[in-house]
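What follows is the residue order along each chain.
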Amino acid sequence: QVQLVESGGGLVQPGGSLRLSCVASGSIYSIRTMGWYRQAPGNKRELVATITSGGITNYAESVKGRFTISRENAKKTVYLQMNKLKPEDTAVYYCQADVIPLVACIYSQYWGQGTQVTVSS
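We now turn to the structure provided with this report.

Thresholds, definitions, all that
Residues numbered from 1 in each chain as written. Predicted model: local features only at pLDDT ≥ 70, side-chain atom pairs only at ≥ 80, totals over all residues. Heavy atoms only, no water. Helix = DSSP H or I, 4+ residues; strand = E, 2+ residues; numbered from the N terminus. Buried < 20%, exposed > 50% of the residue type's maximum accessible area, 1.4 Å probe, protein only. Pairing = 2+ DSSP bridges. Disulfide = S-S within 2.5 Å. Axes fitted to C-alpha atoms, helices over the stretch in contact; angles between N-to-C directions. Core = buried A, V, L, I, M, F, W, Y, C linked by side-chain atoms within 4.5 Å.

1. Some points on unusual backbone geometry
And then number 1: In the Ramachandran plot, Lys76 falls in the positive-phi region, its phi being about 55° despite a non-glycine side chain.
And then number 2: Tracing the chain through its elements places Lys76 in the loop between strand 7 (67–72) and strand 8 (77–82).
And then number 3: Positive phi outside glycine occurs at Lys84, with the angle close to 50°.
And then number 4: The exposure class of Lys84 is exposed, given its relative accessible area of 57%.

2. Let's talk about the pairing of strand 7
And then number 1: Residues Phe67, Ile69 and Arg71 point to one face of strand 7 and are all buried, whereas Thr68, Ser70 and Glu72, pointing to the other face, are not buried.
And then number 2: Two elements, strand 7 and strand 8, share six bridges in a ladder whose sense is antiparallel. Bridging from a neighbouring strand, Arg71 pairs with Val78 of strand 8.
And then number 3: A loop of four residues connects strand 7 with strand 8, the two strands running antiparallel in sequence, and Lys76 in this loop sits at a positive phi of about 55°.

3. With respect to the state of the cysteines
And then number 1: Enumeration according to the criterion identifies one disulfide in this entry.
And then number 2: Disulfide pairing places Cys22 opposite Cys95 at an S-S distance of 2.1 Å. Its torsion about the S-S bond being -80°, the disulfide of Cys22 and Cys95 is classed as left-handed. Of the two residues, Cys22 sits in strand 3 (residues 18–26) while Cys95 sits in strand 9 (residues 91–101), which places them 73 residues apart along the sequence.

4. Considering the sheet that holds strand 1 (residues 2–7)
And then number 1: In spatial order, the strands read 1-3-8-7; together these four strands make up an open sheet with antiparallel pairing. A single partner strand is all that each edge strand has here, and the edge strands are strand 1 and strand 7. Across this sheet, the average inter-strand angle for adjacent strands is 15°, counted without regard to direction.
And then number 2: With six bridges joining them, strand 3 and strand 8 adopt antiparallel strand pairing. Considered in strand 8, the bridge of Leu20 is made with Leu80.

5. Comments concerning the nonpolar core
And then number 1: Residues Trp36, Leu80, Met82 and Tyr93 are the most contacted members of the largest nonpolar core, which totals 31 residues.
And then number 2: When residues of this core are traced back to their parent elements, those giving at least two are strand 1, strand 3, strand 4 (28–39), strand 5 (46–51), strand 7, strand 8, strand 9 and strand 11 (115–119).
And then number 3: With five residues, the top contributor of residues to this core is strand 9.

Remember, this is a structural readout, not a statement about activity or role.
See the structure below:
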């Protein structure tokens, strides 16, 4: 079984910063792309940022220049450093990873349960 556990969400004022972390655990053979998605009330879940095992990153236009995604492969951990936060960044943030479990030979998508980020004064 593969699990993704996020941490680091909370309440922050506009212009502030937060750092999200997500650790993958369980019977993992390999992790390919890891990423962060978010979903605000009434909206669809949307891509925030992704990073490959080789460190290639991709960002949504709305967060470019403010958010930075990084990962530590040995720790099976992905981070999202969020700076200059805006009220419109308020959402539940989900970690996602493409994982080959030990008992399988193909990649499957796994999701964390989400962490709330609220940007408000």
